[in-house]
Amino acid sequence: MTPTVTASPSSDPLSAIGAGPWPDLLRAATDDCLSVLMEGADQDWSRLAGDLDWTCGHTLDHLALGLVGYAGLLIARPTDRHITLFASLDPRAPVPARIEGIRIAASLLTSAVRDTTADARAWHPWGQSDVTGFAAMGIVELAVHTYDITRALGLSWTPPAGLSAAVLARLFPESPLGYGPSDSLLWCTGRLPLPGLPRRLDWQWNGTVR
């Protein structure tokens, strides 16, 4: 197996793995995830997504909320709270239109990441973070919830290795050695077990600046 890249002390781990800038990674994650979700747009989105208690449609709504919320945190930069702007998708809209809403939300976050300076900080319940942290959080949200939905819809998809390596390096300093980055990301986020490692029942990322 290809070993994962573990987190380095640097607040910008991309130089260690040869990845492009965070806005480019966010755009790539958005394109990859939404492309596969569109493949299942004509299926039953009232199914539960993976092992979540949410339907596929509800999971899309959660994704919109998270992506816009991260953009808002980077813009408002509160020190002790969530922002007061909440995003939601029209539940009556057809699935392709709701997926379009996710693209809009991801584009807002990508723009905020591109326009935010490296010294900016904002609150998050899992650790005050910076622009690289919020970019990585957005990619994790896209990747793991796309994985959840595609499992429910019978589509074969796993997070791309390069994107997985980037977010592991930034958000998961405990990521295990000796496994491919995609499998390691899914293990870190409680989606599957790995050989010798049981599935995680409780997990969170570490967005603090390192």
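Everything below is about the structure printed above this text.
Residues numbered from 1 in each chain as written. Predicted model: local features only at pLDDT ≥ 70, side-chain atom pairs only at ≥ 80, totals over all residues. Heavy atoms only, no water.

Peer 1: Outline the pattern of salt bridges, listing residues and values.
Peer 2: Enumeration over the complete set of coordinates arrives at 9 salt bridges. For Arg-27, the salt bridge identified is with Asp-24, shortest N-O distance 2.3 Å. Residue Arg-27 and its partner Asp-24 are located together in helix 2 (residues 22-39), separated by 3 residues, close to a single helical turn. Close ionic contact of Asp-115 with Arg-114 constitutes a salt bridge, the shortest N to O distance being 3.2 Å. A network of salt bridges, in which partner residues are shared, links Asp-51, Arg-151 and Arg-199. (Salt bridge = Lys/Arg side-chain N within 4 Å of Asp/Glu carboxyl O. Helix = DSSP H or I, 4+ residues; strand = E, 2+ residues; numbered from the N terminus.)

Peer 1: Provide a residue-level description of the environment of Pro-159, including the pertinent values.
Peer 2: Here Pro-159 is to be found in the loop between helix 5 (131-153) and helix 6 (161-171). Here Pro-159 falls in the buried class, since its relative accessible area comes to 3%. Residues Pro-159 and Trp-205, 46 residues apart in the sequence, show an inter-C-alpha distance of 17 Å. Beyond its immediate stretch of four places on either side in the chain, Pro-159 contacts Ala-143, Ser-164, Ser-182, Leu-185 and Leu-186. (Buried < 20%, exposed > 50% of the residue type's maximum accessible area, 1.4 Å probe, protein only. Contact = heavy atoms within 4.5 Å.)

Peer 1: Can you lay out the environment of Pro-23 for me, pointing to particular residues and giving the numbers?
Peer 2: For Pro-23, the position within the fold is in helix 2. By relative accessible area, Pro-23 is classed as buried at 15%. Each C-alpha atom, one on Pro-23 and one on Trp-123, is 20 Å from the other, the two residues being 100 residues apart in sequence. Ignoring any residue separated from it by four or fewer positions in sequence, one finds Pro-23 in contact with Thr-110, Val-113 and Arg-114.

Peer 1: Summarise the nonpolar core; cite the residues concerned and give the values.
Peer 2: Burial of nonpolar side chains together is a common tendency in soluble globular proteins. Residues Trp-22, Trp-45 and Ile-102 are the most contacted members of the largest nonpolar core, which totals 63 residues. Of all the secondary structure elements, the ones that give two or more residues to this core are helix 2, helix 3 (56-76), helix 4 (95-115), helix 5, helix 6 and helix 7 (181-188). Examining the composition of this core, we find that 14 residues originate from one element, helix 5, more than from any other. (Core = buried A, V, L, I, M, F, W, Y, C linked by side-chain atoms within 4.5 Å.)

Peer 1: Kindly report on the side chain of Thr-150, identifying the contributing residues and their values.
Peer 2: Tracing the backbone shows Thr-150 in helix 5. For Thr-150, a relative accessible area of 0% corresponds to the buried category. With residues up to four places along the chain from it excluded, the contact list for Thr-150 reads Val-36, Leu-37, Leu-155 and Trp-157.

Peer 1: I'd love a proper account of the layout of surface pockets, names of residues and values included.
Peer 2: Quantified by volume, the largest pocket comes out at close to 400 Å³. Considering the residues around the largest pocket, the lining is formed by 20 residues, among which His-62, Gly-66, Tyr-70, His-82 and Glu-141 are closest to the centre. Sorting the residues of the lining of the largest pocket by element identifies helix 3 and helix 5 as the ones contributing at least two each. Here the lining of the largest pocket takes 6 residues from helix 3, the largest share from any one element. Each residue belonging to the lining of the largest pocket can be placed in one class, and the counts come to 12 nonpolar, 6 polar and 2 charged. Computed from the structure, the second largest pocket encloses a volume of approximately 190 Å³. Together, 13 residues line the second largest pocket, and Thr-189, Gly-190, Arg-191, Arg-199 and Trp-203 are the ones closest to its centre. (1 Å grid on protein atoms, 1.4 Å probe; cavity = no way out; pocket = protein on both sides within 12 Å on 5 of 7 lines; lining within 4 Å. Points joined across faces, edges and corners; volume = space filled by probe spheres on them. Nonpolar A, V, L, I, M, F, W, Y, C, P; charged D, E, K, R; others polar.)

Peer 1: I'd like a description of the packing of helix 2 against helix 6, backed by residues and values.
Peer 2: The contact between helix 2 and helix 6 brings their axes to 11 Å, and the two run at 130 degrees. Viewed along their axes, helix 2 and helix 6 adopt a mutual orientation that is oblique. Helix 2 and helix 6 meet at a crossing whose hand is left-handed. On helix 6, the residues touching Trp-22, Leu-25, Ala-28 and Ala-29 of helix 2 are Leu-163, Ala-166, Val-167 and Arg-170. (Axes fitted to C-alpha atoms, helices over the stretch in contact; angles between N-to-C directions. Parallel < 35°, antiparallel > 145°, perpendicular 65-115°, else oblique. Left-handed = near helix turned anticlockwise from the far one by under 90°.)

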